[in-house]
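Read off the chains here:
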Amino acid sequence: MKPTNLTLTPLALAFVALGLAGCGGDSVETNTDYTQVDTTEPVSDWELVWSDDFEGSSIDDSKWTFEVNCQGGGNNEQQCYTDSSDNAFVSDGTLKIVALPAGEDAEGNLPYTSARLNSKNKGDFKYGRIEVSAKLPEGQGSWPAVWMMPTDAVYGGWPKSGEIDIVEAVNLKTLDEEGNAERNVHGTLHYGRDWPNNSSSGKAYQLPEGENPADGFHTYAIEWQEGEIRWYVDGYLYQTQRDSQVRYNSKGEAIGLNHQGWFTEYYDQSTGELTVDYGPAPFDQQFHLIMNLAVGGDWPENVNNLGIDESAFAEGQTLEIDYINVYQCNQNPDTGKGCETIRAGYDDEETLVSGEAPIPSLPSTTVENLTIFDGTPNPNWPAWDCCGGSTPQLIDDPEKGQVYQFVVNDTPTVNGFISREEFITAEDGQPQPFDATGMIESGSVTFDLKLTSAPSDSDAGWLFKIESNQGATFAELPLNASAEGVSPSVGEWQSYTYPLQQLVDAGLEPSAIDAFMVFPSWGLGAGAEYSLTNVEITSPEAEAPQLVLFDDQQNPDWPLWDCCGGTTPQEVVDEQRGVVGEFEIGATPTVVGFKPADGSGIQFDASALMVEGVIQFDMKVVSSPADPDSVWKFKVEANGAETAVEVDLATGNGGQAPVTGEWQTYTFPLQQLADAGLDLSAIDVIMMFPAWDTGEGAVFRVDEARIYDPSAGSDEITIFEEQLNADWSLWDCCAGSTPQIVEVEAPYNNVAQFEILGSPETVLGFLANEGATFDASSLLANGAVSFDMRVVDQPSGADAQWLIKIESSGATTAVEVPLSTGNYGEEPVAGEWATYNFTLQSLFDAGLDISDINVIMVFPTWGQSSGAVYQIDNLRIENF
């Protein structure tokens, strides 16, 4: 029964674009031409290094060990695993693993018995081709599997050190309501973080022509090499998985994934730091084989016809294995590479499975301040007594106003403020860990403390502690290690400052700060009573906060909202603006706008913006209300409508009421709203609407809606407007022309003019001077490359297409797209100025390192461009 040689041939790879769409558990039925894999020519580079063909009359105990237990496999399975010959035996050249009803005198308390065998320390492998010829059992509740586990848990407990499922199936031949029989087989990887935050990825497969895996023997295989694992059934490659391919910027910072594959998370023993390893770990260690037949459990009992069909197991169900072969790739045994059995499309979007690796976020460059408490409670950072049973109280202090008072009872405790889910009620707020990465060099944690009564134990010291990422990292320092160097003194307010750099040096990883504590030494603090206020994480370089409600898409935290009318506001495409938000008023009176979900606790604190900040949006009335006397209104509420301001919408546009069919900008200064009584610290609803019960028939659209400070500085750049930025030059790549600044009619005045002479071919645009580059990382969310352009003379090539290309330094990364994509599909028209916008997010998603923009080019298709003359003005990279 065992084949005499391996009959698979590596094929040349037909390179295709990587498809990164995950396939999850979807099944795939294929009519693939099996002649794509030549099954007649042996492969000499695969060497058989371990096998069992199950000849003879007994199970080879030099290769296999029985697992004996009634633990349910960790999946609530309903069998005890035994070493009984009733449950596992060899006969007629195959291994039979049999699941049987447990007899009345059976040991254990589960209703079935079965067997599970492993090759640990008898057959352990790193890389290779593993083949299993097997006939699978049937019936609701059956769960056969041949799989692999790590011999040594190098990266930690399951699943951090990995699991490879070569083949498994559940409930084969079970019929659904339409009479369709279950016939999926599955190949899966398990990896990532500790349960229950573990990850997995894989795919199901169906044999061609309706064949069922329970009807006969089929060959299930994996080819496992460094960084890649492929799954086969009867020689057909149906699934490929890879490790994650991390994308880096020019500074060596991880900014994304070119492919989202597997990963593992563990504590690095050399540094003690929590590490995310994107591969090839954990699948770069020795694994051993496991084969078993489970009955029931979390998976089979919750799919198909549910539960366990006792009649299916009345006479037993059998997993029958003809042979298991393990081959080594002699091309490179250390990596397993060089013997790949692949086909055209083996890494296309149908076959290449995306994993669940966390996508690295762009390194934080934004510097925003956090106020944890300054007299007004922050619902996302409640006051907290860890363990002592006291309840922090708001009290009035003659010097500071409202402050939080903490006490320490006989039970040891720590006190402070915390932003973790288990300590925040949904009605009050939501966890908002603070990312201080962008302010390490300039930022500080500050607070004021007054000691009302000292601990009764005079040996008690005072400590400050700050934690990140659920306490995974922290810094703990004496209070007198602050910049002021003072210890608490009874009856006096004292200020404390800890530079973030000091805290990072003490062990804090600052990207997810979620706990702040001040307390006397553990176990020595009984009798202490003290107050805190002005608890902040700040930097003098902090940017003004900004809330974007709608800009090309809605903010998921602040969705489009209809209060009472039963309509569903939606995103639509406007012919002038692209994607905008659209509201419609029906017969039921209502108000509409932007509002976080009930119970989310999401609010926006605009206090820091009061002097210069505004609420601003663009609006177009598509259809006016049927009532000619209807007046358009603008309303803002805060803190659950405790405060609110409602004004005529026209006041935000210089007194001009909306004009049907026209986009108009509305601006409401925050200072005026505050003067009218609005609490700027807790804005939670923003509305624009026709006056109550007068709006029926109104349809209107909103775009560019935000709360921000228009005067706040940013990392924007103007490369050309009237004159050229000193760090940039006009540039002709290859043709020897000299781009010029020429004068044209107002309002453009001085513009950059480019001309393509005809030979040789060229590209033209704007080039950063040597050593200069532009980092647009902080603009990623809302930024764009924009410019105005006019074609004076079109290129002579009839098929010429206008293009924009942007590169990072040394062309390390580059993105080239049609110019028309930045003008809603419109090609340049000779003699007409047009505006083009290319969002940084789209350029980043296409592969551009936006932290290192070095060249911006606009040109007609290479080889088609002769005779083109064109002008560019107002070239900027800025927030929109």
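Residues numbered from 1 in each chain as written. Predicted model: local features only at pLDDT ≥ 70, side-chain atom pairs only at ≥ 80, totals over all residues. Heavy atoms only, no water.

1. Some details on the sheet that holds strand E53 (residues 814–818)
- A sheet is described by the order of its strands in space; here 5 strands give the open sequence E47-E50-E55-E52-E53, paired in antiparallel fashion. Strands at the two margins of the open sheet, each flanked by one partner only, are strand E47 (728–732) and E53. Pairs of neighbouring strands in the sheet enclose a mean axial angle of 20 degrees, with direction left out of account.
- Judged from the 3 bridges that link them, strand E50 (residues 764–768) and strand E55 (residues 853–860) form a sheet pairing that is antiparallel. Of the residues in E55, the one forming a bridge with Phe-766 is Ile-856. (Pairing = 2+ DSSP bridges. Helix = DSSP H or I, 4+ residues; strand = E, 2+ residues; numbered from the N terminus. Axes fitted to C-alpha atoms, helices over the stretch in contact; angles between N-to-C directions.)

2. Describing the side chain of Arg-343
- Positionally, Arg-343 belongs in the loop between strand E22 (317–329) and strand E23 (370–373).
- It is Asp-348 that comes nearest to the buried, bridge-free Arg-343 among opposite-charge side chains, at 5.0 Å.
- Polar side-chain contacts of Arg-343 include one of 2.8 Å to the backbone oxygen of Leu-237. (Buried < 20%, exposed > 50% of the residue type's maximum accessible area, 1.4 Å probe, protein only. Lys, Arg positive; Asp, Glu negative; His and termini not counted. Salt bridge = Lys/Arg side-chain N within 4 Å of Asp/Glu carboxyl O. Polar contact = N/O pair within 3.5 Å; in protein donor to acceptor, adjacent residues only side chain to side chain.)

3. With respect to the environment of Val-49
- Checked against the element boundaries, Val-49 lands in strand E1 (residues 46–52).
- The exposure class assigned to Val-49 is partly exposed, which follows from its relative accessible area of 41%.
- Separated by 364 residues in sequence, Val-49 and Thr-413 place their C-alpha atoms 60 Å apart.
- If near-sequence neighbours (up to four positions away) are discounted, Val-49 is found in contact with Val-326, Tyr-327 and Gln-328. (Contact = heavy atoms within 4.5 Å.)

4. A few points about the state of the cysteines
- For the structure shown, the criterion picks out 5 disulfides.
- The side chain of Cys-563 participates in a disulfide bridge whose partner is Cys-564; the two sulfur atoms lie 1.9 Å from each other.
- Given a relative accessible area of 35%, Cys-564 falls into the partly exposed group.
- Disulfide pairing places Cys-733 opposite Cys-734 at an S-S distance of 1.9 Å. Between Cys-733 and Cys-734 the disulfide shows an S-S torsion of about 55 degrees. By sign, it is right-handed.
- For Cys-733, a relative accessible area of 34% puts it in the partly exposed group.
- On the basis of relative accessible area, Cys-734 is assigned to the partly exposed category, the value being 33%.
- In the chain, the cysteines engaged in disulfides, taken in order along the sequence, are linked 1-2, 3-4, 5-6, 7-8, 9-10. (Disulfide = S-S within 2.5 Å.)

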